Amino acid sequence: MEKIKENINVKIFPIYKAVSWDLLFFYVILFLFLTQVKGINAADVLLAEAIYPIMKFLFLMPLSIFIEKVGKRKSLIFANLINGISVICFMLSSNLIHLIIAQFFSAIAFVIKGVAETNLIYDSLPKDEKRGSRFSKLDGKGGAGYFYLDAISSAVSGFLYVVNPYIPLVLSTIGCLVSTFLASKFVEVESEDSEKISARKYINELKYSFKHMLQSTRLKYLLLYGAILSGLLSAVVSLRSGSLEEMGVPEQYFGIIFGALGLISGIVARNQGRFHNRFHNKTLAMLAIPTAISCIFVGLTITMKLPYSLTLIIVILLFSIQFIAKGPFHTLIRRYLNNFTTTSLRAKISSCYNLMESLARSLISLFASFLLRYIDVAGTICIVGCVLTIILVLLTDKMRFTVGLKPEEYKKSEIEFLEIK
């Protein structure tokens, strides 16, 4: 019976992730919708985005306990419904306070999804030495499906925005309802090392796990790296739209541009295993450093006031570097973090990663919001790129000898505590 449950989850997960990994029809037009239709200042939009990860940070502990108590399946049903409410709140927003309320619901949804989704499917896979590669393949398939759908929805949403700016957001809400339906088809799988525990005991275990995680050089660097790059990829979403708007690109072409770039992400995500096999322990550096450097050149290219067509071509090529990195990054970082772990520890590592990711995203977005109050979008994205390029170069240089090694190449002290039940 347990095996039947596991097979059901494995079959549903790629479809579920393709539809619900993130909001469809949403991000391409959100910045335009809030600044043009609702008349909200661009710096306030970035400020609300900076508050969003702070709320994720605050909600992480209570929502992790909520998932433990309620179960991953019911938690995902609840999270996708709340996600739909957040989109409706964005549609009704007219000032910073309204945006913060919308981000409040969004934070609840994505904290739950971030912790529960990965662990539900990982617990549903056979517990053998190929578990990590199976997860990577399954997660990559779902991620690629999302990027393909996102490419299509992005291309369509730009034109729909011109017809009526509310249409893409309505479609995004419908997507949340579809995700809720798919989540209801999952079945709860009790892992062999899981048990119902009190909130106090869970918090104590979480503190204990965090303390020991940070004693592992490998995990410490992985958590820091993942948080920074994920924070950068999240923060530049609005800055990319702002860059195109600053260049005078018509709104209806936003969708086509980001749709094509999303298609690139999908292709690379589907082949993330080959990416890993090609670069091995250089994989993380190959994802991070070109992404940060591309931000610098986006800002410089727009500032140089080159001919419109040439500027647009160069900027799109630089954006494509960011989308190429985005494709395999989320699957690979989860794979690396899950290596050498038990089920109970994987949940805590997910919580720790989400916590650090929220902090990094908040700091980057706050920095960008501060800059936007004094300089334009091009200058902002250029300065953000400069700062993070320096940080990521220094970090990936230190990671060379501690991340991406074969199991026998690690010190025993690096991974033995990960086997604690």
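Our subject is the structure listed above.
All values reported here derive from a predicted model rather than from experimental measurement.

A. Highlighting the overall build of the protein chain. Each helix and strand counted, the protein chain has 16 helices and zero strands in total. Residue burial in the protein chain is summarised as follows: out of 421 residues, 58% are buried. Contacts in the protein chain between residues far apart in sequence, at least 24 positions, make up 85% of those at least 6 positions apart.

B. Seen up close, the side chain of Glu 357. Along the chain, Glu 357 falls in helix 14 (residues 343-372). Of the buried charged residues, Glu 357 lacks a salt bridge, with Lys 56 as the closest side chain of opposite charge at 4.1 Å. Among the polar contacts listed, one links the side chain of Glu 357 to the side chain of Ser 230, at a separation of 2.2 Å. Excluding anything up to four places from it in sequence, Glu 357 contacts Lys 56, Ala 227 and Ser 230.

C. Focus on the environment of Glu 357. The class of Glu 357 is buried, set by a relative accessible area of 13%. Along the sequence, Glu 357 and Ile 54 sit 303 residues apart, while their C-alpha atoms lie 10.0 Å from each other.

D. Representation of the nonpolar core within the structure. The biggest cluster of nonpolar side chains holds 110 residues, and the ones touching the most others in it are Tyr 225, Leu 232 and Leu 244. Residue contributions to this core peak at 15 residues, all from helix 9 (residues 217-247). Each residue touching Tyr 225, except ones within four places of it in the same chain, is listed here: Leu 284, Leu 287, Ala 288, Phe 329, Ile 333, Leu 392, Leu 395, Thr 396 and Met 399. The next biggest cluster of nonpolar side chains, apart from the first, holds seven residues, and it includes Leu 24, Ala 144, Phe 147 and Ala 269.

E. Quick peek at unusual backbone geometry. Here the phi dihedral of Phe 25 falls at roughly 65°; this positive angle occurs in a residue that is not glycine. You can see Phe 25 is positioned in the loop between helix 1 (2-20) and helix 2 (27-37). If you check the backbone angles, Lys 305 has positive phi at about 55° while not being a glycine. Judged by relative accessible area, which is 71%, Lys 305 ranks as exposed.

F. Just the packing of aromatic side chains, in detail. For the structure on display, the rule yields eleven aromatic pairs. A ring pair is formed by Phe 26 and Tyr 27, whose centres lie 5.0 Å apart and whose planes are at 90°; its orientation type is edge-to-face. For Tyr 27, a relative accessible area of 29% translates into the label partly exposed. In textbook terms, an aromatic cluster arises when at least three aromatic residues are bridged by ring pairs, as seen for Phe 26, Tyr 27 and Phe 90.

G. Up close: the side chain of Arg 240. The residue Arg 240 is located in helix 9 in this model. Look at Arg 240: it is buried, it has no salt bridge, and the nearest opposite charge is Asp 150 at 8.3 Å. If near-sequence neighbours (up to four positions away) are discounted, Arg 240 is found in contact with Leu 233, Phe 258, Phe 319, Gln 322 and Phe 323.

Conventions we followed
- Residues numbered from 1 in each chain as written.
- Predicted model: local features only at pLDDT ≥ 70, side-chain atom pairs only at ≥ 80, totals over all residues.
- Heavy atoms only, no water.
- Helix = DSSP H or I, 4+ residues; strand = E, 2+ residues; numbered from the N terminus.
- Buried < 20%, exposed > 50% of the residue type's maximum accessible area, 1.4 Å probe, protein only.
- Contact = heavy atoms within 4.5 Å.
- Lys, Arg positive; Asp, Glu negative; His and termini not counted.
- Salt bridge = Lys/Arg side-chain N within 4 Å of Asp/Glu carboxyl O.
- Polar contact = N/O pair within 3.5 Å; in protein donor to acceptor, adjacent residues only side chain to side chain.
- Core = buried A, V, L, I, M, F, W, Y, C linked by side-chain atoms within 4.5 Å.
- Phe/Tyr/Trp six-rings, centres within 6.5 Å; stacked < 30°, edge-to-face > 60°.

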